Amino acid sequence: MTALYSQTIKNLVAGISQQPQVLRHPEQLNEQINGFSTEAAGLQKRPPTQYVAPLTKEVNVGNKPLVHFINRDDYEKYIVTFTGSDVMVFDLNGSPMEVHYESEDARRYITTQSPRSNLKCQTIADYTFISNIYAIPRMSTEITEDVWATQGALVNIKSGQYGRTYRVDINGNSIASYTTPDGSDKSHTGQIATDYIASQLATQARNAGYEVQTGSSWLYITKSSNNTIEKKYWREPSTSYEQQEQIFESMSRTSGRYYPKTDKLLVTAFKAGEDAVTLTSQALAEINRCSTDYWEILFLNEVRCELRRKGFWETVIEPNTATDIKSVSVYDGYNNQAAFGVLKTVQKFSMLPVSAPAGFTVKVAGESGSTTDDYYIRYDASENLWKECVRPGIPKSYDLQTMPHVLVRQADGSFLLRRAEWEERKTGDEDSNPEPSFIGYPIKDIVYFRNRLCFIAGENVILSQSAGFFNFWMVSTKEVQDTDAIDLAISDNKIATLHHAVPYDENLVLMSDDAQFILRCEGVLTPKTANIPPAVTRFGNSLKAKPATAGRNLYFTAERSQYTTVREFFTAADNTESKDAQDITSHVSNYIPNGVYKIVTSPVENLLLFLTEGASNCIYVYKYLFIDSVRQQAAWSHWDFGDGTVFGADFFGGIFFVVIERDGILFLEKMSFTYNTADFEDEPYRIYLDRKVPYVIPEDSYNPVTERTSFNLKDVYDSSDLISFNGFALVDTKGTYMELEVAADGSVAIEGDWHNKTVFIGQNFTMKVGFSTLMIRKETQSGTKAIDTGRLQLRSFWVNFSDSGTFLVSVDIKDRNKFEYLHTSRTLGNRNSTLGSLVFSTDQFKVPIQSLNTNCDITITSTNPNPVALIGAGWEGSYYRRSKPI
């Protein structure tokens, strides 16, 4: 049974599919290069890039520089390039900004062989925080002032009692004592005043050799101001006459004799029966030792020496330790409740006087046997109050050279790379206010979350004080405050090192290499409400590309053997805590090469762009659309930039900026996503040329003798280092199109007089659309079903287009011929159809096929700089089936 059939493909905005042909939707394509699947205008040619400026050629592109975009506000936006040994900043016009370094140490911090993977950045207002993952943060050797080493004892007379003896013991010895009267006389009242008792004890302590300062109801005892003391020691040789005699006798060619009558030791250089010789070097060395051991040399020549023991009194100046204070005890005869002695520690704050000597520091121990309620206070005489402080003699600050640095925008518009001024520990000790958990671990990511700066290190997420981005310490150890820093570790059944953190749905998603966690809180984010439950999902995650949010979802990548999977992380159902992630590349599983290092999102355009080292001249595009939370579009394609290498890209508003390397030079180009809107004034239509730039041909460019106009592309692009000039074209303000023949030195010569004319110059790129195998497809309750039985002989194929210029339809009959059909939009008699110009129309273009549906490939290409918008397609053919399905 043979019948003639036709079928319409309602749109071409579903992107490509790598599924088997029978499983594809009719709208899905085999191939889509340099196309843009829009909801309203169909499948268009992607927007062209506009040339902005050359940035620099002083970049080792092999180092894979990191390009970071700063979006400070509506007026200040910058592009930062970390080259591996330097940092450069440009505005959106490509103008370089002045960059200074605090020191060479600051430059060394950003020095790395792979800045793209080793440096992490986060911009907050004028500050861009930079972390080098190979710089391990550590504490500095600087410690808090150890005032306890010289601090004296504070005696607080809490109350005066009749008939009590107040006694102060230092180092176990009583140095002051005072007994109050029994109160039998009214004059005794003044003698139990706390200030009077303190003065009496102070007098006796001074008499004991201590320095004493008094205040309201207290006395402060310190060691004597005489820091040194003279002592005499009797000094004499360590050896006796008899011992020294034996020492010399044991030496060769040496004789030693002690003569008690003259109290001398005679050393000679001969022995009985031998001729005289000089003293040996061994003997001279021993004589020299004796001179340093309190022996007196009476006579010395080459052959003999006379020695005598010499003893004397030596006066030595030594530190005065007689009044050192190692402990203090106070007794009051009132169960020790009327007076207290404080050296370094006190049990309760109430045991301290209202005032104290300036800078007096004490630990308030709190409950016995517990360190959780310990805190330290210091008396501030300028404000007349006790203030919480840090324990003396412990590390207080970070080694700033190992901590993240900051790139700061200065008031004059320049930038300064310097060490960040991280806050020091100001309260508590190593137990009550421990060092943050990033000490000793590389900081793998930096993120801004709920007015806090967040570090990812090891298995921990560390958030700064609220609105205090440089403080990761507790403000007070007496009570945890809502604004305090937060330091949490994930809970998992195996080691799960975190690599990324991304704000999402009022929470913070934390990514390890194979699991996803969420930092949650009830209401306001505080140390008390923040918590990290076990992993919410377990999917692989690439370490190279930081996940990105778009709309209500979060997207992250995972690498397989050669290609990358992209997953969409979402809330499984409304009003639940359950999360899930689905593979949005399941139908293009072998499409994106591994090496994705950045995900660029545009919620305005419903667009995800992927930059990958596996295809550095391409950007992989995911166009999506949700309506009422139902996915209506999931279109994959890619943009090819020819000989350019993309190093960074991001959106500023609706403009897409691209940093791209061409001929070893970094250029800044931009792309606008407005449909068919001219990018420049006087542009006759939107010209689809990459690196597009308006150019006024110079006055002296025309040669009347040859009747040719000459100029150089190096001048057009402000770069004398360009070396490749393939595929350039020119369009004037009237729409005249001309492909340029460019010499090796960049010079161009065109026919006619073009001087002082404004033209638009750029590089051609090709849009290519490859159709899936055309098949009869029927709509069923479960979706579209392809009929793969029988024989479909295609007669013709058509494509519907809108406001489009020239494009080429190719029909490749396998093992036979390839036929090409050029659509030019030209109609005889149309006044717009002039030579050298491009014409646009809205119509249907139909081409013959005459082939088995599975034996032909149909593609549409466009290389001219005219717009193309394909809004649908269809086919007509005869269908034969020998059997009827049951």
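Everything below is about the structure shown above.
Residues numbered from 1 in each chain as written. Predicted model: local features only at pLDDT ≥ 70, side-chain atom pairs only at ≥ 80, totals over all residues. Heavy atoms only, no water.

S.K.: Tell me about unusual backbone geometry, and please be specific about residues and values.
M.R.: Note on backbone geometry: most residues besides glycine have negative phi, and most peptide bonds are trans. The phi angle at N606 is positive, at roughly 50 degrees, despite the residue not being glycine. Looking at the secondary structure, you find N606 in the loop between strand 43 (596-602) and strand 44 (607-612). N606 gets classed as buried once you look at its relative accessible area, which sits at 18%. (Helix = DSSP H or I, 4+ residues; strand = E, 2+ residues; numbered from the N terminus. Buried < 20%, exposed > 50% of the residue type's maximum accessible area, 1.4 Å probe, protein only.)

S.K.: So what about the environment of I655? Which residues, and what values?
M.R.: Position of I655 relative to the elements: it lies in strand 48 (residues 655-662). Among the residues examined, I655 registers a relative accessible area of 28% and is labelled partly exposed. Between the C-alpha atoms of I655 and D640, which are 15 residues apart in sequence, the distance is 19 Å. Contacts of I655, omitting those with residues within four sequence positions, involve D650, K670, M671 and S672. (Contact = heavy atoms within 4.5 Å.)

S.K.: Quick rundown of the pairing of strand 50 (residues 690-696)? Include the residues and the values.
M.R.: Burial runs high along strand 50: five of the seven residues are buried. Here strand 50 pairs with strand 56 (residues 758-763) via five bridges, running antiparallel. Paired with D690 across the bridge in strand 56 is Q763. (Pairing = 2+ DSSP bridges.)

S.K.: Please provide a residue-by-residue account of the nonpolar core, values included.
M.R.: Judged by nonpolar contacts, the single largest core of 38 residues is most densely connected at L609, F656, F711 and I761. Excluding its chain neighbours within four sequence positions, the residues that come into contact with F711 are Y695, I697, P698, V716, L730, G746, S747, V748, I750 and I761. (Core = buried A, V, L, I, M, F, W, Y, C linked by side-chain atoms within 4.5 Å.)

S.K.: Run through the packing of aromatic side chains, naming residues and quoting values.
M.R.: Across all of its chains, the model carries 47 aromatic pairs by this definition. Between W234 and W313 the ring centres are 5.8 Å apart and the planes differ by 65 degrees, which places this aromatic pair in the edge-to-face class. Here W313 lies in strand 23 (residues 312-319) and W234 lies in strand 18 (residues 228-235), a separation of 79 residues in the sequence. With relative accessibility at 44%, the residue W234 sits in the partly exposed group. By relative accessible area, W313 is classed as exposed at 57%. (Phe/Tyr/Trp six-rings, centres within 6.5 Å; stacked < 30°, edge-to-face > 60°.)

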